Amino acid sequence: MKTRIFTPAFALLVTMFVTPTALSQDCTLDVDVGDNLMFAPTEMSISKSECSEVTVNLTHGGNLPKMGMGHNWVLTLSADADATAQDGWQATLDNQYIMPGDARVLATTDIIGGGESTSVTFSTEGLEVGGDYTYFCSFVGHYAAMKGPFIVTE
Ligand code: CO
C-alpha cells in the first residue's frame, strides 16, 4: 500500500528531472546575420551534458543575394579556423566556401542570402568541455569580422 502511495510522487520527480533536459531550449541556438559582416550573437555557448545534439538556426534578415552578401555558420577548433577559412575562399560558392571533405569542419551550414534561413544539427560527442572553438562565416572576405567563440560547458 505504501509503495502505491509513493509511486505517483516518484513518477512526477522523474518527469521533472527528465523533461527539461529532453526539451531544453538551450540546445537550439539562433544566429542572425544581415547585409553586413556581423553575427548576432557574437558569442555562443552550449552545455555538453544537457545537449547530446545542438541545432544552430541561421537566419539572414538582409536583402542582398548570397552571391554578394552570403553567410554561413562554420564551427572548427580555434586553431583550425584561419586555415579552414582561407581554404574555403578558394573552394568558391559552388562548394559553400568550404573545401570539400575538410575534416577540420566540425559543423557547417550552407551559404544563404537575404531572406533565407538554414540550420545544422550536430552531435556534441566529439566536443571537449572547455575546448577552444570558433564559429565563423567562410564567405570570401568575411572571416576577419564574422567570427566568435563557441563555448562548451559541462
Ligand atoms: Co558572411
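Structure shown above.
This write-up is about the structure you can find in this document. Residue numbers here run from 1 along each chain, matching the order of that chain's written sequence. At least 70 in pLDDT is required for a residue's local features to be given in this predicted model, at least 80 for side-chain atom pairs to be given and counted, and no such filter applies to totals for whole chains, interfaces and linings, which use all residues. Values reported for side chains reflect all heavy atoms of the structure, with hydrogen atoms and water molecules removed beforehand.

Turning our eyes to something else, we now look at the coordination of the cobalt ion. Surrounding the cobalt ion are the protein donor atoms His71 (ND1), Cys137 (SG), His142 (ND1) and Met146 (SD), which sit 2.0 to 2.6 Å from the metal. Considering all four donor atoms around the cobalt ion, the spread of angles at the metal, 86 to 128 degrees, places the coordination shape in the tetrahedral class. Read in sequence order, the donor residues for the cobalt ion give the motif H-x65-C-x4-H-x3-M. Counted as donors are the N, O and S atoms within 2.8 Å of the metal, or 3.2 Å for Na, K and Ca, while water is not among the atoms, so some sites may look incomplete. Here a site with four donors is tetrahedral if all angles are between 85 and 135 degrees, and a site with four or six donors is square planar or octahedral if opposite donors are over 155 degrees apart and the other angles are between 65 and 115; anything else gets the irregular label.

Spatially, S2-S8-S7-S4-S5 is the arrangement adopted by the five strands of the open sheet, whose pairing is mixed. In this open sheet, the two edge strands, each paired with only one partner strand, are strand S2 (44–47) and strand S5 (107–108). Direction of pairing for strand S4 (residues 74–77) relative to S5: antiparallel, over a ladder of two bridges. The residue of S5 that forms the bridge with Leu75 is Ala107. Strand pairing requires that DSSP identify at least two bridges connecting the strands. Numbering goes from the N terminus for both helices and strands, where a helix is a DSSP run of H or I of at least four residues and a strand is a run of E of at least two.

Time to look at unusual backbone geometry. Of the consecutive residues Ala40 and Pro41, the connecting peptide bond is found in the cis state with omega at 5 degrees. By secondary structure assignment, the location of Pro41 is in the loop between strand S1 (28–33) and S2. One non-glycine residue with positive phi stands out, namely Gln96, at about 60 degrees. Along the chain, the position of Gln96 falls in the loop between helix H3 (78–91) and S5. We note that Tyr97 has phi near 55 degrees; this positive angle belongs to a residue other than glycine. Its place among the elements puts Tyr97 in the loop between H3 and S5.

Honestly, that's just the spatial picture; any functional story needs more than this.
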